[in-house]
Amino acid sequence: MSKFTRAMRKKHEETNKKSIAIYLLLRVLVIISMIVQILMGNISNVCMCILALVLFTIPTLISEKFKIGIPSLLEAIIYLFIYSTAILGEINNFYGIIPFWDTMLHTLNGFLCAGIGFSLVDLLNQNSKSLSLSPLYIALVAFCFSMTVGILWEFFEFSADNVLKLDMQKDRIVSNIYTVELNPEGKNKPVRIKDIEKTEIYSKDGSITVIENGYLDIGLIDTMKDLFVNFIGAVVFSVIGFLYVQNREKYKFAQGFIPTKNE
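Residues numbered from 1 in each chain as written. Predicted model: local features only at pLDDT ≥ 70, side-chain atom pairs only at ≥ 80, totals over all residues. Heavy atoms only, no water.

Chemist: Would you explain the pattern of salt bridges in this entry?
Modeler: For side chains of opposite charge, pairing can occur when their charged atoms come near one another. Across all of its chains, the model carries 7 salt bridges by this definition. The residue Asp 102 makes a salt bridge to Lys 225 at a minimum N-O spacing of 2.7 Å. Of this pair, Asp 102 sits in helix α6 (residues 101-127) while Lys 225 is found in helix α8 (residues 220-246), placing the two residues 123 residues apart along the sequence. With relative accessibility at 14%, the residue Asp 102 sits in the buried group. Several salt bridges converge on common partners, so that one network encompasses Asp 102, Arg 172, Asp 222, Lys 225 and Asp 226. (Salt bridge = Lys/Arg side-chain N within 4 Å of Asp/Glu carboxyl O. Helix = DSSP H or I, 4+ residues; strand = E, 2+ residues; numbered from the N terminus. Buried < 20%, exposed > 50% of the residue type's maximum accessible area, 1.4 Å probe, protein only.)

Chemist: Would you explain the environment of Lys 67 in this entry?
Modeler: Following the sequence through the fold, Lys 67 ends up in the loop between α3 (58-65) and β1 (68-69). With 32 residues separating them in the primary sequence, Lys 67 and Pro 99 have C-alpha atoms 39 Å apart.

Chemist: I tried to follow the state of the cysteines on my own but got confused; where do I start?
Modeler: Within this structure, the stated rule accounts for 0 disulfides. Among the cysteines around Cys 47, which has no disulfide bond, Cys 49 carries the closest sulfur, lying 9.2 Å off. Classification of Cys 47 as partly exposed rests on a relative accessible area of 46%. With relative accessibility at 0%, the residue Cys 49 sits in the buried group. (Disulfide = S-S within 2.5 Å.)

Chemist: What should I look at first to understand the pairing of strand β5 (residues 198-202) in this one?
Modeler: Put simply, side chains in a regular strand alternate between the two faces of the sheet. Judged from the 5 bridges that link them, β5 and strand β6 (residues 208-212) form a sheet pairing that is antiparallel. Residue pairing for β6: Glu 200 is matched across the bridge by Val 210. The turn joining β5 and β6, which pair antiparallel and follow one another in sequence, is formed by 5 residues; a positive phi near 95° is taken by Gly 206. (Pairing = 2+ DSSP bridges.)

Chemist: Looking at this structure, I do not really get the nonpolar core. What am I missing?
Modeler: One broad rule of soluble globular proteins: the nonpolar side chains tend to lie buried together. Ranked by internal contacts, the top residues of the largest apolar core, which has 20 residues, are Phe 111, Phe 118, Phe 237 and Ile 258. Setting aside anything within four residues of it in sequence, one finds Ile 258 in contact with Pro 71, Phe 118, Ser 119, Phe 237 and Tyr 244. Within the second largest apolar cluster, 19 residues are counted, among which are Leu 26, Cys 49, Phe 56 and Tyr 95. (Core = buried A, V, L, I, M, F, W, Y, C linked by side-chain atoms within 4.5 Å. Contact = heavy atoms within 4.5 Å.)

Chemist: Whenever I open this one, unusual backbone geometry confuses me. Can you help?
Modeler: Leaving glycine out, the prevailing phi sign among residues is negative, and the prevailing peptide bond configuration is trans. Positive phi, normally seen in glycine, also occurs at Lys 67, with a value near 55°. Note on Lys 67: relative accessible area 49%, which makes it partly exposed. The phi dihedral of Asn 93 falls on the positive side, at around 60°, and the residue is not glycine. Checked against the element boundaries, Asn 93 lands in the loop between α4 (72-91) and α5 (94-97).

Chemist: What is the right way to look at the side chain of Ser 33 in this model?
Modeler: If you trace the backbone, Ser 33 turns up in helix α1 (residues 3-40). Residue Ser 33 is classed as buried on the basis of its relative accessible area of 13%. Leave out the neighbours within four places in its chain, and Ser 33 touches Cys 49, Ile 87 and Ile 91.

Printed below as a string of structure tokens:
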């Protein structure tokens, strides 16, 4: 065995140990969070913790059932992504506390899903005698796969908000709008309503809800922002994947994000 091979194997083992350490640490943190939520009587957050623990097992189940090798770096990122979304984002309200938390996670989601989509097609391309797909085609499929996952997630958020009465599509205050609906002449020409100071909502029960500094956009901006940053993440990985297929040695760092087929 050459020195280079031994060095690479040692590096892989060290990375794998770090991935396992991250996995165990995050499981402990989730269990602690679940105990706290039980003591507080917050059942919905307890269910979120249980969901996170279940999601932690998915990479291992997929790897064993479908004989797919998940790189240690990708596996660690997946664990951190789950924890950041379910525990930090939902239970600890990082979505509300940190302005760009949701944006960061959706960008990362676009990147990771493109990597998964890329690996599916690349494995087929390498192991098929009848197929010879171009790097551009593989990169395009990876991009489309990522965007499809992003759209399906937004469908899920919309459905959850309407059926379960949640607010996954986060609302936000808007102080300027452009709309044809308020055109006084009824023409198909948008008018600008600017510097909105407040909005008052009158309910049938006589209650009045006052929204300061604008009006409440119910999820549209959040949805489009999520899809846009998902697009950015998908494009970034698709470009990396395109270069990787053309020269696997030069861009071998991409292997850390691409699942492979176990022999």
